[in-house]
Amino acid sequence: MFSDIGALELVTLVVLAVLVFGPDKLPKVIQDVSRFVRKVRDFSDSAKEDIRSELGPDFKDFEFEDLNPKTFLRKQMEQNEDLRELKELRGTFDLKKEMNDVADAVHGREPQPSAVNGSPVNGSGAPANGSSTGTPDLLKKQDKPDTGERPPYDSDAT
């Protein structure tokens, strides 16, 4: 319950409680608070038992923590055979390698035997049939402008 409270925060709370309630009334306040927490816990437990008894024997294994979507999905994945197979398949797929292959292909780091706009590509990045399609070649490295020259205007980038 208090796993996220540090030592300094706890000391601060104790000092604040002593200042607010005084050393005489502090033990009585601690007893009242602990009694209240115990009553709330008992009320919660009895409400859980009432709900389980009303649901019937089909839900005897029902846990309220299962209402958390993460817990529910994890439990369902452990029980379902098809999802286990997907988990095994996921373990064989290397996303980082696939992303590096795509990045290499985009930057032209390895020759691509595939076609651009339906026409085969030769080693220079131009269409092999010599026709000009009027579209920029995305595989060709762009020339850098001179230091005084402004780059071309790109309306999509703004």
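All of these numbers come straight from a predicted model, not from anything done at the bench.

### Quick notes on a nonpolar patch on the surface
Next, step 1: On the surface, a cluster of nonpolar side chains totalling about 690 Å² of accessible area is made up of I5, L10, L13, V14, L16, V18, V20 and F21.
Next, step 2: Residue placement: I5 occurs in the segment before α1 (7-55).
Next, step 3: In this structure I5 comes out as partly exposed when scored by relative accessible area, which is 30%.

### Some remarks on the environment of E63
Next, step 1: For E63, the location among the structural elements is in the loop between α1 and α2 (69-79).
Next, step 2: Residue classification places E63 among the partly exposed positions, given a relative accessible area of 37%.
Next, step 3: Between the C-alpha atom of E63 and that of R52, which follows or precedes it by eleven residues, the distance is 9.0 Å.

### Describing the pattern of salt bridges
Next, step 1: For the structure on display, the rule yields four salt bridges.
Next, step 2: Taking the shortest distance from any N to any O, the salt bridge between K28 and D32 comes out at 3.3 Å. One end of the pair is K28 and the other is D32, both in helix α1 and four residues apart, which spans about a single turn.
Next, step 3: Looking at D32, the relative accessible area reads 32%, which means it is partly exposed.

Criteria and thresholds
- Residues numbered from 1 in each chain as written.
- Predicted model: local features only at pLDDT ≥ 70, side-chain atom pairs only at ≥ 80, totals over all residues.
- Heavy atoms only, no water.
- Patch = residues over 30% accessible without salt bridge, like charges linked within 9 Å, V, L, I, M, F, W, Y side chains within 5 Å.
- Areas by Shrake-Rupley, 256 points an atom, 1.4 Å probe, with all protein chains shown as cover.
- Salt bridge = Lys/Arg side-chain N within 4 Å of Asp/Glu carboxyl O.
- Helix = DSSP H or I, 4+ residues; strand = E, 2+ residues; numbered from the N terminus.
- Buried < 20%, exposed > 50% of the residue type's maximum accessible area, 1.4 Å probe, protein only.

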